[in-house]
Amino acid sequence: TVRRIAFEFPADLEPIWSPRTPEFSHAANSVSLIMPFAEPYFVKSTRAALPQLPPDLQARTADYLRQELAHQAQHRRFNDLVLARYPRTRRVEDWMRRTYGWLGRTRSLKFNLAFAAGSETIAYSLARWTEKHLGSLFSGADPVPATLFLWHLAEEVEHKSVGHDLWVAVDGNRRRYVGNALLAACVVLSAVVAGTLVQLWS
């Protein structure tokens, strides 16, 4: 389902929006810093593959792309507040901009689709893990950023198979898929660790 959502983030939003688990707030904020660069990279890679897809997959893919574009737009607005509070996180943001920009410019379509499919697998796994820990992670949290992340994770579950099906339709090389899933996990983990440490230090 394509939803038109616009979050109202107050100018004085507290980036530690889950006071019971401040470390989780910082880690989630760090994931958010990735989104304005990862999501457009996925969209660009996927659009390049659209002519090769069967009609039924093209329709599903179009809705998937709309969801991804909505995600990055809302995260970008949230990230402005995080960057204002923690200016040093801009280095993590710049690193992600360069990383995903380089992948989009220099890698093949098959590589990019496998990387996107692996990333979607990671996102789905994170969504299911979060679902099992909702009480401990979100109890007492600010409802606006909490809803931002839960909305995003719920839609990751909704479109969990699209990236995989795209990869199967265009490539299907399992070695490339597994390798790029591991690479995607390393990129995300590195950015989350760096962003979290910067916020904790600040």
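**Let's talk about the overall build of the chain**
Consideration 1: Summing up its helical and strand segments, the chain has eight helices and zero strands in all.
Consideration 2: Listed by position from the N terminus, the elements making up the chain come as α-α-α-α-α-α-α-α.
Consideration 3: Against the globule reference of 17 Å for 202 residues, the chain gives a C-alpha radius of gyration of 17 Å, in line with a compact fold.
Consideration 4: Across its three principal directions, the C-alpha atoms of the chain cover 45 × 30 × 30 Å.
Consideration 5: At a minimum sequence separation of 6, the contacts of the chain that also span at least 24 residues come to 84%.
Consideration 6: Here the chain has roughly 10,100 Å² of accessible surface; of this, 59% comes from carbon and sulfur atoms.
Consideration 7: Distance between charge centres in the chain, computed from 24 positive and 19 negative side chains, equals 7 Å.

**Things to note about the pattern of salt bridges**
Consideration 1: As enumerated under the stated definition, the model contains 10 salt bridges in all.
Consideration 2: Between Glu158 and Arg3 there is a salt bridge, with its nearest N and O atoms 2.7 Å apart. Highlighted residues: Glu158 in helix α6 (residues 143–158) and Arg3 in the segment before α1 (22–49), separated in sequence by 155 residues.
Consideration 3: Taking the shortest distance from any N to any O, the salt bridge between Arg90 and Glu93 comes out at 3.6 Å.

**Topic: the nonpolar core**
Consideration 1: Among the nonpolar cores identified, the biggest contains 29 residues, and Ile34, Tyr41, Phe42, Met96, Tyr100 and Phe115 are the most heavily contacted of them.
Consideration 2: Going through the elements one at a time, α1, α2 (55–85), α3 (90–106), α4 (109–132), α7 (162–170) and α8 (174–201) are the ones with two or more residues in this core.
Consideration 3: For this core, the leading source of residues is α1, giving nine residues.
Consideration 4: When neighbours within four sequence positions are excluded, Phe115 is seen to be in contact with Tyr41, Phe42, Tyr100, Leu103, Asn180, Leu183, Ala184 and Val187.
Consideration 5: Among the nonpolar cores identified, the runner-up in size contains 17 residues, and Phe9, Val82, Ala141 and Leu148 belong to it.

**Notes on the side chain of Glu120**
Consideration 1: Assignment of secondary structure puts Glu120 in helix α4.
Consideration 2: The buried charged residue Glu120 lacks any salt bridge partner; its closest oppositely charged side chain belongs to Arg60, at an N-O distance of 11 Å.
Consideration 3: Beyond its immediate stretch of four places on either side in the chain, Glu120 contacts Phe42, Tyr64, Glu68, Glu156 and His159.

**Things to note about the packing of α2 against α6**
Consideration 1: Relative orientation of the contacting elements α2 and α6 amounts to 160°, with a least axis distance of 11 Å. Between α2 and α6, the crossing angle belongs to the class labelled roughly antiparallel. Between α2 and α6 the crossing geometry is left-handed. Where α2 abuts α6, its residues Gln67, Glu68, Ala70, His71, Gln74, His75 and Phe78 lie against Pro145, Leu148, Phe149, Trp151, His152, Glu155, Glu156 and Glu158.
Consideration 2: Of the residues contributing to the contact of α2 with α6, the split by class is six nonpolar, five polar and four charged.

**Let's talk about the packing of aromatic side chains**
Each aromatic ring pair is specified by the distance between its two centres and by the angle formed by the two planes.
Consideration 1: A complete count under the given rule lists 14 aromatic pairs for this structure.
Consideration 2: Ring geometry for Phe7 versus Trp151: centroids 5.5 Å apart, planes at 55°, classification tilted. Residue Phe7 is found in the segment before α1, and its partner Trp151 is found in helix α6; the two are separated by 144 residues along the sequence. Taken individually, Phe7 and Trp151 each receive the classification buried, so the pair is uniform in this respect.
Consideration 3: Aromatic ring contacts, followed pair by pair, group Phe7, Phe9, Trp17, Phe24, Phe78, Phe138, Phe149 and Trp151 into a single cluster.
Consideration 4: Directly above the ring of Phe37 sits Arg76, whose terminal nitrogen or CZ lies 6.0 Å from the centroid.
Consideration 5: The residue whose ring lies beneath Arg107 is Phe111, and the NZ or CZ to ring-centre distance is 5.9 Å.

What counts as what
- Residues numbered from 1 in each chain as written.
- Predicted model: local features only at pLDDT ≥ 70, side-chain atom pairs only at ≥ 80, totals over all residues.
- Heavy atoms only, no water.
- Helix = DSSP H or I, 4+ residues; strand = E, 2+ residues; numbered from the N terminus.
- Rg over C-alpha atoms; globule rule 2.2 N^0.38 Å.
- Contact = heavy atoms within 4.5 Å.
- Areas by Shrake-Rupley, 256 points an atom, 1.4 Å probe, with all protein chains shown as cover.
- Lys, Arg positive; Asp, Glu negative; His and termini not counted.
- Charge placed at Lys NZ, Arg CZ, Asp CG, Glu CD.
- Salt bridge = Lys/Arg side-chain N within 4 Å of Asp/Glu carboxyl O.
- Core = buried A, V, L, I, M, F, W, Y, C linked by side-chain atoms within 4.5 Å.
- Buried < 20%, exposed > 50% of the residue type's maximum accessible area, 1.4 Å probe, protein only.
- Axes fitted to C-alpha atoms, helices over the stretch in contact; angles between N-to-C directions.
- Parallel < 35°, antiparallel > 145°, perpendicular 65-115°, else oblique.
- Left-handed = near helix turned anticlockwise from the far one by under 90°.
- Nonpolar A, V, L, I, M, F, W, Y, C, P; charged D, E, K, R; others polar.
- Phe/Tyr/Trp six-rings, centres within 6.5 Å; stacked < 30°, edge-to-face > 60°.
- Lys NZ or Arg CZ within 6 Å of the ring centre and 35° of its normal.

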